[in-house]
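# Summary of structural features
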Amino acid sequence: MSGTDIHQLAAAYALDAVDERERADFESHYPTCAVCRPEVVGFRDTLSHVAASVAVAPPASLKASVMAEIGNTRQLSPLLPDSVVDLATHRKRQQRMVRVLSVAAALILISIGAFVVGKQAGGDTGYDVAAAALFARPDTRTTTLVGPGTGSFRIAWSPSGREIVVLGDGLAKPAAGKAYELWLVDAKGAHAVRLLDKADGQKVRRVIKIDGDPKQWVITVEPEAGVALATGPVIFAGAV
C-alpha cells in the first residue's frame, strides 16, 4: 500500500470500515504519523459529538418490527447454480458496497458534526463545513510544515477542489502590525496566497481558494496588510 493510499484511510478507520489487512497496515502506520494521528482523533471526536447530539431512545416497538422485517426479507439474491465462485463474488461486492456506504455515511456525519460542534462552541461553522468537505475529497493531501517557528502548521490541499485548509497550532502571536503570510511555491516561484492571520488564541483555521500547482508551502511573518514579495525569513516550509 502506498503512502498516499494509507493516508486516505483515516476516516474509514475511525468508522471501523476497513478490512483486516488495511487495519493492520494502518495501525502500524498512524500512531507515529503526524498527519494521520490527529485526523483519526479528530474524526472520532466529531463522530462522538454527532452521536451525543442526535441520540434518542428507540421506541419499544422497534425490536419487534425489525425481527418481523428480517423474517420477510431475502438476505441473498438468487445465484447461478454452477459455481461457488459466484457466491464469493457476490459477498465481495456486498462487502465493498457496505464499506463505500459506511465511509459515505461517515463523511456526511463528519460534515454535520462539524456544523453542530462549531455551533455549540461558538466557532466558525462556515470554516468547519468547508474543511470537512475538503478533507472528504479522495485527492486531498496533507503537508506538515516544519521550521524554526514556534508551534506547527499543516496544510491540506485538494487539486480537484482548488482550495486548501490551513491549520496552525501552538503559534506565537506576531508582533504588533505583523501577521503570518502563506506562500505557494510552484515552477515559476513564490506567490502570496493572502493568508494574513494574527493567530489569535495561538491558532489559525482557514479555508482558502488557490490557483496554481503548488510544489511547496512557505510561511513568513509580514506586515499585516500583506506584501507581494516576502521580506521576512522562512519560519515554516513543507514540500507538497
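Data block above holds the structure.
Reading guide: rules and limits
- Residues numbered from 1 in each chain as written.
- Predicted model: local features only at pLDDT ≥ 70, side-chain atom pairs only at ≥ 80, totals over all residues.
- Heavy atoms only, no water.
- Helix = DSSP H or I, 4+ residues; strand = E, 2+ residues; numbered from the N terminus.
- Buried < 20%, exposed > 50% of the residue type's maximum accessible area, 1.4 Å probe, protein only.
- Contact = heavy atoms within 4.5 Å.
- Areas by Shrake-Rupley, 256 points an atom, 1.4 Å probe, with all protein chains shown as cover.
- Pairing = 2+ DSSP bridges.
- Axes fitted to C-alpha atoms, helices over the stretch in contact; angles between N-to-C directions.
- Salt bridge = Lys/Arg side-chain N within 4 Å of Asp/Glu carboxyl O.
- Core = buried A, V, L, I, M, F, W, Y, C linked by side-chain atoms within 4.5 Å.
- Phe/Tyr/Trp six-rings, centres within 6.5 Å; stacked < 30°, edge-to-face > 60°.

### Considering the overall build of the chain
A tally of helices and strands in the chain yields seven helices and eight strands. The buried share among the 240 residues of the chain stands at 33%. At a minimum sequence separation of 6, the contacts of the chain that also span at least 24 residues come to 55%. Element-wise, carbon and sulfur atoms account for 59% of the exposed surface of the chain, whose accessible area totals about 13800 Å².

### Things to note about the sheet that holds strand β5 (residues 189-197)
A sheet is described by the order of its strands in space; here four strands give the open sequence β5-β4-β7-β8, paired in antiparallel fashion. Each edge of the open sheet carries a strand with a single partner, namely β5 and β8 (236-239). Strand after strand, the sheet turns through a mean of 25° between neighbouring axes, direction not considered. Across four bridges, the pairing between strand β7 (residues 216-223) and β8 is antiparallel. Across the sheet, the residue bridging to I219 is F236, located in β8.

### Quick look at the pattern of salt bridges
For side chains bearing opposite charge, pairing can occur when the charged atoms are close. For the structure shown, the criterion picks out five salt bridges. A salt bridge links R21 to D25; its shortest N-O distance comes to 3.6 Å. Taken as a pair, R21 and D25 lie in helix α3 (residues 20-29) at a separation of four residues, close to a single helical turn. Exposure remark for R21: the relative accessible area of 51% places this residue in the exposed category.

### Digging into the environment of L9
Along the chain, the position of L9 falls in the loop between α1 (3-7) and α2 (10-14). The spacing of L9 and P138 is 129 residues in sequence and 10.0 Å in space, taken between C-alpha atoms.

### Quick word on the sheet that holds strand β3 (residues 163-169)
Across the sheet, which stays open at both edges, the four strands sit in the order β1-β2-β3-β6 with antiparallel pairing between neighbours. The outermost strands of the open sheet, each flanked by one partner alone, are β1 (141-145) and β6 (204-209). Between one strand axis and the next, the sheet turns by 15° as a mean value, whatever way the strands run.

### Observations regarding the nonpolar core
Counting residues in hydrophobic clusters, the biggest one holds 20 residues, and the most contacted among them are F153, I164, V166, L182, W217 and I219. Those elements that place two or more of their residues in this core are β2 (152-158), β3, β4 (178-186), β5, β6 and β7. I6, Y30, C33 and C36 belong to the second largest nonpolar core, which has 13 residues in total.

### Some words on the packing of aromatic side chains
According to the stated counting rule, one finds two aromatic pairs in the structure shown. Measuring from centroid to centroid gives 5.6 Å for F153 and Y180, while their planes differ by 70°, and the two rings are edge-to-face. Placement of the pair is F153 in strand β2 and Y180 in strand β4, with a sequence separation of 27 residues. You can call F153 buried: its relative accessible area is 0%. By relative accessible area, which is 4% here, Y180 ends up buried. Seen from their ring centres, F153 and F236 are 5.2 Å apart, and the 70° between their planes marks the pair as edge-to-face. With a gap of 83 residues between them, F153 in strand β2 and F236 in strand β8 connect regions that are remote in the sequence. For the pair shown, F153 and F236 are each scored as buried. Three or more aromatic residues link up through ring pairs in this structure, and these residues are F153, Y180 and F236.

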